[in-house]
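# Tertiary structure, described
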Amino acid sequence: MDLPTDVRALLTSSGFFEDADYNLPDDLNELSSSSVRGFINQTFLKHNAESSAFVHVTGPSVVGHSAPLRGIGEFMMTLQSAFDSIGASLEGFKALSGQIPVSVTNKTELALVASPFPGSVILEIAPSMPRLEDLYPKGEALFDVEKEIGAKPLADSAFVELSKLLGSLSDEQVEQDKFVEHLEDLGPRVASSVQNFCDVLDRNEIDVDFRWEEPSGERGEIRVSHSFAKFVSSMIKEADIHIEPVHIEGILVTVTTSEKDRLRIREDSGEGGLKETTLLIGDIPFEQIRGLQTGDRVEVDAERQITMRAGHRSREKLVGVRIQKVRRMTE
């Protein structure tokens, strides 16, 4: 077939339109990387695509295209630790002590990818576990869990959580309270790992621009300067988040399933008296609550979250982890 000789017709046939706006990225390396990614996506089956991230490292310690190996190494180790702890929290392992299960760390493990893209100091990383292996551990499913229920691989979810956490903090007291509340929900292990991550950025005077991209094209970005990292670290240190295990046994008074899901348990105080304890349902699976009735005797494992607030105010929150009905001998 003959090619059109008119330049305008040739451009139009190639998908270029004179009236359209075409914005170029500030960094032409990004254009280079997107071109290669576009080629890869066209030449491989879509289900083979994986999430990946580009980490652009700048700051006072970066000179030209080089950065201290020790600082970069520490940054990558603490980044991995943050992903592991957030992934563990999302899977229900929030305590500071105890080893994170291998079933979690296998999903959050990151790999450094050899990158053909030039630039200052740019690192490309990606989850070690293939996307399909995480989403479909038992093989092919009857439906697409990403499309139907919004499921994500654990590494993707960990990045989203880290992005939300760091993106919620500012100089405003309201935002600082939200940041601390978010840390409370994630637990002290996450607080410790994110603080270490920020300490490394501050100590090594490096700034990071972290862009995560999923195969669907969904993108997220975290920008953390070493000065902001120092501020985040101080906030986490001041919050001083602790979790204590609590065991409760008594009569179930109410179960409220609402935006503030709560349980109310009437306990024997040990001196013939009774006291009522109210706690958030928290991580208790719905399957454990289903079938329980008012008047049932139950055992509840919970966590007491203790956090310091501005002005050295202490706050406690009781959050459920597990519940089961106490079987009577006659049952």
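Up top is the structure.
Residue numbers restart at each chain and count upward from 1, following the sequence in its written direction. Owing to the predicted nature of the model, reporting of local features is limited to residues with pLDDT of at least 70; listing and counting of side-chain atom pairs is limited to 80 or more, with chain, interface and lining totals taken over all residues. Values reported for side chains reflect all heavy atoms of the structure, with hydrogen atoms and water molecules removed beforehand.

Glancing now at the overall build of the chain. Strands here are runs of E lasting at least two residues and helices are runs of H or I lasting at least four, both read from the DSSP assignment and numbered beginning at the N terminus. The number of helices and strands found in the chain is 11 helices and 10 strands. We call a residue buried when its accessible area falls under 20% of the maximum for its residue type, exposed when it is over 50%, and partly exposed in between, using a 1.4 Å probe and counting protein chains only. Looking at the chain as a whole, 37% of its 331 residues are labelled buried. Contact definition: two residues touch when any of their heavy atoms are within 4.5 Å. Long-range pairs, those at least 24 residues apart, make up 64% of the contacts in the chain with a sequence separation of at least 6. Carbon and sulfur atoms make up 52% of the accessible area of the chain, which totals about 19600 Å². We get accessible surface area from the Shrake-Rupley algorithm with a probe of 1.4 Å; when it comes to residues, only the shown protein chains can shield them.

Our next topic: the packing of helix α3 (residues 69-90) against helix α9 (residues 188-204). At a minimum axis distance of 8 Å, the contact between α3 and α9 shows a crossing angle of 165°. In terms of orientation, α3 lies roughly antiparallel with respect to α9. For α3 against α9, the interelement crossing comes out left-handed. Along its contact with α3, which presents G71, E74, F75, T78, L79, S81, A82, S85, I86 and S89, the element α9 presents R189, V190, S193, N196, F197, V200, L201, R203 and N204. Gly is put with the polar residues, along with every residue not named as nonpolar or charged; the nonpolar set is Ala, Val, Leu, Ile, Met, Phe, Trp, Tyr, Cys and Pro, and the charged set is Asp, Glu, Lys and Arg. For the contact of α3 with α9, the per-class residue count stands at 8 nonpolar, 8 polar and 3 charged. Interaxial angles span 0 to 180 degrees and are taken between N-to-C directions of axes, which are lines fitted to C-alpha atoms, for helices over the stretch in contact. Note on terminology: angles under 35 degrees are roughly parallel, angles over 145 are roughly antiparallel, angles of 65 to 115 are roughly perpendicular, and the others are oblique. By definition, any crossing whose near helix is turned counterclockwise from its far helix by less than a right angle is left-handed, and any crossing with a clockwise turn is right-handed.

Okay, the side chain of T307 next. Among the structural elements, T307 can be located in strand β9 (residues 297-309). Looking at T307, its side chain comes within polar contact range of the side chain of E184, at 2.9 Å. In the analysis that follows, any N or O atom pair within 3.5 Å is treated as a polar contact, provided that within protein one partner can donate a hydrogen and the other can accept it, and provided that, for residues neighboring in sequence, both atoms belong to side chains.

The subject of this paragraph is unusual backbone geometry. The residue E205 is not glycine, and still its phi comes out positive at about 55°. Assignment of secondary structure puts E205 in the loop between α9 and β4 (207-213). Phi at D240 takes a positive value of approximately 50°, unusual for a residue other than glycine. Within the fold, D240 resides in the loop between α10 (226-239) and β6 (242-256). On the basis of relative accessibility, which here comes to 36%, the residue D240 falls in the partly exposed class.

Stacked, edge-to-face and tilted are the three classes for Phe, Tyr and Trp ring pairs, Trp counted by its six-membered ring, which pair at centre distances within 6.5 Å; planes under 30 degrees apart are stacked, over 60 edge-to-face, the rest tilted. One pass over the structure, following the stated rule, counts 7 aromatic pairs. Ring centres 5.4 Å apart and planes at 20° place the aromatic pair F159 and F210 in the stacked group. Here F159 is found in helix α7 (residues 154-167), whereas its partner F210 is found in strand β4, with 51 residues between them in sequence. Note on accessibility: F159 and F210 belong to one class, buried. Residues F159 and W212 carry aromatic rings whose centres are separated by 5.4 Å and whose planes lie at 15° to one another, so their mutual orientation is stacked. You can see F159 sitting in helix α7 and its partner W212 sitting in strand β4, a full 53 residues away along the chain. W212 shares its class with F159; the two are buried. Members of the aromatic cluster, connected to one another through ring pairs, are F83, F159, F210 and W212.

Before going further, it helps to examine the pairing of strand β1 (residues 52-58). Most of β1 sits inside the fold, with 5 of its 7 residues counted as buried. We treat two strands as partners when DSSP finds at least two bridges between them. Bridge analysis of β1 against β4 gives 7 bridges, and the strand direction is antiparallel. Each residue of the ladder has a partner; that of T58, found in β4, is D207.

Attention shifts here to the pattern of salt bridges. A pairing counts as a salt bridge when a side-chain nitrogen of Lys or Arg comes within 4 Å of a carboxyl oxygen of Asp or Glu. In this structure the tally under the stated criterion is 18 salt bridges. The residue E276 makes a salt bridge to R264 at a minimum N-O spacing of 2.6 Å. A residue pair is termed long-range when its members are at least 10 positions apart, and E276 in strand β8 (residues 274-280) and R264 in strand β7 (residues 262-268) qualify at 12 residues. R264 gets classed as partly exposed once you look at its relative accessible area, which sits at 28%. Residue R322 pairs with D301 through a salt bridge whose shortest N-O separation is 2.7 Å.

As a further point, take the sheet that holds β1. The strand order across the open sheet built from 5 strands is β2-β3-β1-β4-β5, with neighbouring strands paired in antiparallel fashion. The sheet terminates laterally at β2 (110-113) and β5 (219-224), the two strands that pair on one side only. The average angle at which neighbouring strand axes cross in this sheet is 25°, direction not considered. Relative to strand β3 (residues 121-127), β1 is paired through 5 bridges, and the arrangement is antiparallel. Looking at the pairing, V55 lines up with L123 of β3. Set on the sheet, α7 makes contact with β3, β4 and β5; between it and β5 the angle comes to about 45°.

For the rest of this paragraph, the subject is the environment of R315. In this fold, R315 is placed in strand β10 (residues 313-325). Judged by its relative accessible area of 29%, R315 falls in the partly exposed class. Placed 10 residues apart in sequence, R315 and Q305 show a C-alpha to C-alpha distance of 8.0 Å.

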